[in-house]
Amino acid sequence: MSHAHAVPARGFTLLEMLVALAIFALIGVAAYSGLDQVLRTRSQVTAAAERLQGVQLAVYFLEQDLAQAVGRPVRDEFGLEQPALQLGEGEDLLQLTRTGRDNPLGRQRAALQRLAYRLQNGELYRRYWQRLDRSGVSEPRETLLLDQVEALAVRVLDGEGQWLERWPPLEADPGSLPRAFELRLTLADWGEIRRLIPLAGASRDADDVGG
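Residues numbered from 1 in each chain as written. Predicted model: local features only at pLDDT ≥ 70, side-chain atom pairs only at ≥ 80, totals over all residues. Heavy atoms only, no water.

Caption draft 1: Looking closely at the overall build of the protein chain. Within the protein chain, the secondary structure is distributed over 1 helix and 11 strands. When the elements of the protein chain are put in sequence order from the N terminus, they spell out α-β-β-β-β-β-β-β-β-β-β-β. Long-range contacts, defined here as pairs at least 24 residues apart, represent 55% of the contacts in the protein chain between residues at least 6 apart. (Helix = DSSP H or I, 4+ residues; strand = E, 2+ residues; numbered from the N terminus. Contact = heavy atoms within 4.5 Å.)

Caption draft 2: Representation of the sheet that holds strand β7 (residues 141–146). The strand order β3-β4-β5-β6-β7 describes an open sheet built from 5 strands, whose pairing is antiparallel. Each edge of the open sheet is held by one strand with a lone partner, namely β3 (85–87) and β7. On average, adjacent strands in this sheet sit at an angle of 25° to one another, irrespective of strand direction. By the bridge criterion, 5 bridges tie strand β4 (residues 94–98) to strand β5 (residues 113–120) in an arrangement that is antiparallel. Along β5, the bridge assignment pairs Arg98 with Gln113. (Pairing = 2+ DSSP bridges. Axes fitted to C-alpha atoms, helices over the stretch in contact; angles between N-to-C directions.)

Caption draft 3: The sheet that holds strand β8 (residues 149–157), seen in detail. If you walk across this open sheet you meet the 4 strands as β9-β8-β10-β11, and the pairing is antiparallel. Only two strands of the sheet have a single neighbouring strand rather than two, namely β9 (163–164) and β11 (191–198). Here β8 runs beside strand β10 (residues 180–187); their pairing, made up of 8 bridges, is antiparallel. Paired with Val154 across the two strands is Leu183, which belongs to β10.

Caption draft 4: Inspection of the nonpolar core at higher detail. In terms of nonpolar packing, the biggest core is built from 30 residues, with Leu124, Leu146, Phe181 and Leu185 touching the most fellow members. Here the element with the most residues in this core is helix α1 (residues 14–67); it accounts for 5 residues. Other than its neighbours up to four places away in sequence, Leu146 contacts Arg51, Gly54, Val55, Ala58, Gly122, Glu123, Leu124, Leu185 and Leu187. (Core = buried A, V, L, I, M, F, W, Y, C linked by side-chain atoms within 4.5 Å. Buried < 20%, exposed > 50% of the residue type's maximum accessible area, 1.4 Å probe, protein only.)

Caption draft 5: Geometry of the environment of Arg98. Along the chain, the position of Arg98 falls in strand β4. Along the chain, Arg98 and Leu85 lie 13 residues apart, while their C-alpha atoms are 9.3 Å from each other. Separated by 2.6 Å, the side chains of Arg98 and Asp65 make a polar contact. (Polar contact = N/O pair within 3.5 Å; in protein donor to acceptor, adjacent residues only side chain to side chain.)

Caption draft 6: A look at unusual backbone geometry. Here the bond from Trp167 into Pro168 is cis, since omega is 0°, no more than 30 degrees from zero. One can find Pro168 in the loop between β9 and β10. Positive phi, normally seen in glycine, also occurs at Asn121, with a value near 50°. As for its position among the elements, Asn121 is in the loop between β5 and β6 (123–129). With a phi angle near 65°, Glu171 is a residue other than glycine that sits in the positive phi range. Considering the arrangement of structural elements, one finds Glu171 in the loop between β9 and β10.

Laid out in C-alpha cells, this is it:
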C-alpha cells in the first residue's frame, strides 16, 4: 500500500515580494501619469474653447456696434454737444451712437444707444449709458469684454477715401460719419485680429427717436 507524500507549501521569498511591489508601483505611476495627462489635456482644451468664445464675442460686439453707428450727436452731463462718433479723444478709445438696441421685453424705449470702448491694464471694457442725452451725473454701465488685450486701434475711411485716426474732422458736422472702419485688435496670445467694417448708415441721417 503506497502512501501519498504531501507537498510542503512554499511561500514567496523576500526578493519575489520586492519585485512584485516594484512592478505594481511602476503600473501605478504609469496609470497616474496617463490620467494626469488626460486631465491636463482636457483642461487645456476647455480653456482654449473658452478663450475662443470670449474673443469671438468681443469681436462680434465691436463689429455690430461699429456697423450700426448712426449720426446722432448727444449732450453730455454738462449739456455740451458731443459728436455722433468720437475717435481718438479722452479716456475712451471711441464713443458712438448706434441703432438696433436690443429690446427683448418690448419696453417703451429708444432704439438708439450711446456706448464707448475703453482699454485699461490689458482689459477691454464696453460701456453704455441709459440715455442718449445725459443730464447731471450719469454713470455708464460697464462690462469686461476681453482680457490679455495689448492694443485696440480703430481708424476710419472718410468720404474722400482717406484713412483717419481721429474723428470727426475739424469743422465737420457733429453728425457726420465715415464710410468704413478698420479695426485692429492685438491679443497677447493670438496676435492681431483685423476687420474691415463698412458703415451702412453713413449715407443717411439717423432719425432722432429720443433718449
